[in-house]
Amino acid sequence: MKELVSIIVPVYNVEQYLDRCLKSLVGQTYQNIEILLVDDGSRDSSRELCDIWGTKDNRIKVFHKENGGLSDARNYGLRRADGDFICFVDSDDWCDSKYIEVMHSALTETGSDIVECDYVCVDSEKTAVSEKNDGARAVFQGRDCFYRFLTNVFFVSVCNKLYRKEMVADTRFKPGIYHEDEYWTYKIFSKAQKVCRISYTGYFYYQRQNSIMHSKPSLKKITDAFTAGKERIDFIEDRYPEYAAVGYTAMMYTCMYLFNKAEHGDASLRGIQKELVSYFRVILSKYLKKRQYKKEMWRFLAFRLCPKWYCGYEFSTE
C-alpha cells in the first residue's frame, strides 16, 4: 500500500468555502490520505458541515475543539496525524486534483524532506488558471536549503508544501499570534537536508477581503510580525552566520514594510514605528560591517535618513 499522507485542515467560520476545499481533497488522484478537519470552535454552520463530510468519506476525521486560533488548530492536527507525510491546507483554499500525487512523487523520487509547488492567488474559481506545469524540479541540499529559503526561492507559507513527518512532528506553531508561518517555516527548513522546488501549480490561495491578510493594521499584527523577524535574525546569527547579510537585508525590508503599514493606522501605532526605525538602524550597522553592499543600498540609506519620505515614495501605489 502507498504511504499515508495526512492533510491538516483548520476550520473556523468558513461555511461558504469549506465544500469547495473538501471536494478538491477527497477527489485527489493519490487516494491513501487522511483528512483531519479541526473545527476550531466555529460559530457558523462549519461545525455541521464538518460532521456531514465525516459521514461521506471514511478518510475524513473530524475534531471539534474550543477556539484557540490557527496555530492551536494546526498543533491539534499534528498531534493526531498518523501519516508518513504531512501537508496543511487552509479551509478557504483548494488544490488541484493531482496535488498530492505530484508532490508525493517529487518528494520520494528526489529523497527530499520538503517539496514545494507553485501557488496562485485567486479571488474566484474562474481565476484559478495555472501557467506553470512543466514539472521541472530543482533540488537543494545541506545548508543551501536554508539559504534558498532566505533568498525567497521558497515561500514562507506552510501551505503549498509536503513534509516528511519527522520534519514537523516536534516543532509546534506558536499560539496566540498573527503571522504564525513567519515563526515556524524557517525552523523547518533549517532541519532539512534536502528540499525540492517543483514547477507545478497545485495550490490555489483564495484572497478573501475579510481575511486576516486584508484586514486593517493593528498594533498586535505589526508587533507579531516584527517579533518574528527579530527572532529569525537571532536564529541566523547563531546558526547561519555566513548568511547574516542576507538575513539583515530581508529584515530591513520587513521594517520598512511594517513602518508603512503603521503609517496607515491610527496614532496607537506611532510607538511601534519608533521601534522599527531604531531596530532598522541597528541592523543596517551590522549589514554595513559585512561589506556585501548591493543595489538596494540606496533604499536603506534613504529610509534611515527619512522613513516617512521613503515610504511615501516607495509605497505610494499601495
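The model shown is predicted, which means the values in this text are computed figures rather than measured ones.

The next subject is the overall build of the chain. Broken down by element type, the chain carries 12 helices and 9 strands. Against the 2.2 N^0.38 benchmark of 20 Å for 318 residues, the chain shows a C-alpha radius of gyration of 20 Å, consistent with a compact globule. Each of the three principal axes of the chain carries a C-alpha extent, and together these read 60 × 45 × 35 Å. For the chain, the proportion of its 318 residues judged to be buried stands at 50%. Within the chain, residue pairs in contact and separated by at least 24 positions form 80% of the contacts whose partners lie at least 6 positions apart. Within the structure as shown, the chain displays about 15,100 Å² of accessible surface, and the carbon and sulfur contribution to it stands at 49%. With 47 positive and 45 negative side-chain charges, the chain shows a separation of 6 Å between the mean positions of the two kinds.

Attention now goes to the pattern of salt bridges. Evaluation of the coordinates by the stated rule reveals 19 salt bridges. Across the pair Arg137 and Glu109 runs a salt bridge whose closest N-O atoms are separated by 2.9 Å. You can see Arg137 sitting in strand 7 (residues 137-141) and its partner Glu109 sitting in helix 4 (residues 99-110), a full 28 residues away along the chain. Each of Glu116, Asp118, Lys161 and Arg197 takes part in salt bridges that share partners, so that together they form one network.

Our next topic: the nonpolar core. One finds Ile7, Val9, Leu25, Ile35, Leu37 and Phe88 to be the most contacted residues of the largest nonpolar core, which totals 73 residues. Here this core takes 7 residues from strand 9 (residues 194-206), the largest share from any one element. Ignoring anything within four residues of it in the chain, the contact list for Phe88 reads Ile8, Arg74, Leu78, Val158, Cys159, Tyr163, Phe173, Trp184 and Tyr203. Listed in part, the 29 residues of the second largest apolar core include Tyr248, Met251, Cys255 and Ala262.

The next subject is a nonpolar patch on the surface. Nonpolar side chains collect at one region of the surface, where Trp298, Trp309 and Tyr313 lie side by side and expose about 370 Å² of accessible area between them. By secondary structure assignment, the location of Trp298 is in helix 11 (residues 297-305). The class of Trp298 is partly exposed, set by a relative accessible area of 38%.

Let us look at helix 1 (residues 18-26). Taken as a whole, helix 1 has its buried residues at Leu18, Arg20, Cys21, Leu22, Ser24 and Leu25. Taken together, the buried residues of helix 1 touch strand 1 (5-11), strand 2 (33-40), helix 2 (46-56), strand 5 (94-95) and strand 9.

Where helix 7 (residues 180-191) contacts helix 8 (residues 219-239), the two axes come as close as 9 Å, and the packing angle between them is 20°. Taken together, the axes of helix 7 and helix 8 are roughly parallel relative to one another. Regarding helix 7 and helix 8, the two cross each other, and that crossing is right-handed. In this structure, helix 7 uses Glu182, Tyr183, Tyr186 and Ser190 to contact helix 8, whose residues at the interface are Asp224, Thr227, Ala228, Glu231, Arg232, Phe235 and Arg239. Taken together, the residues of the contact of helix 7 with helix 8 break down into 4 nonpolar, 2 polar and 5 charged.

For the rest of this paragraph, the subject is the pairing of strand 6 (residues 114-122). Taken across its 9 residues, strand 6 has 7 buried, putting it largely inside the fold. When strand 6 meets strand 9, the two strands line up parallel, connected through 8 bridges. Each bridged residue has a counterpart across the sheet, and for Glu116 the counterpart in strand 9 is Arg197.

Reading the values: rules and limits
- Residues numbered from 1 in each chain as written.
- Predicted model: local features only at pLDDT ≥ 70, side-chain atom pairs only at ≥ 80, totals over all residues.
- Heavy atoms only, no water.
- Helix = DSSP H or I, 4+ residues; strand = E, 2+ residues; numbered from the N terminus.
- Rg over C-alpha atoms; globule rule 2.2 N^0.38 Å.
- Buried < 20%, exposed > 50% of the residue type's maximum accessible area, 1.4 Å probe, protein only.
- Contact = heavy atoms within 4.5 Å.
- Areas by Shrake-Rupley, 256 points an atom, 1.4 Å probe, with all protein chains shown as cover.
- Lys, Arg positive; Asp, Glu negative; His and termini not counted.
- Charge placed at Lys NZ, Arg CZ, Asp CG, Glu CD.
- Salt bridge = Lys/Arg side-chain N within 4 Å of Asp/Glu carboxyl O.
- Core = buried A, V, L, I, M, F, W, Y, C linked by side-chain atoms within 4.5 Å.
- Patch = residues over 30% accessible without salt bridge, like charges linked within 9 Å, V, L, I, M, F, W, Y side chains within 5 Å.
- Axes fitted to C-alpha atoms, helices over the stretch in contact; angles between N-to-C directions.
- Parallel < 35°, antiparallel > 145°, perpendicular 65-115°, else oblique.
- Left-handed = near helix turned anticlockwise from the far one by under 90°.
- Nonpolar A, V, L, I, M, F, W, Y, C, P; charged D, E, K, R; others polar.
- Pairing = 2+ DSSP bridges.

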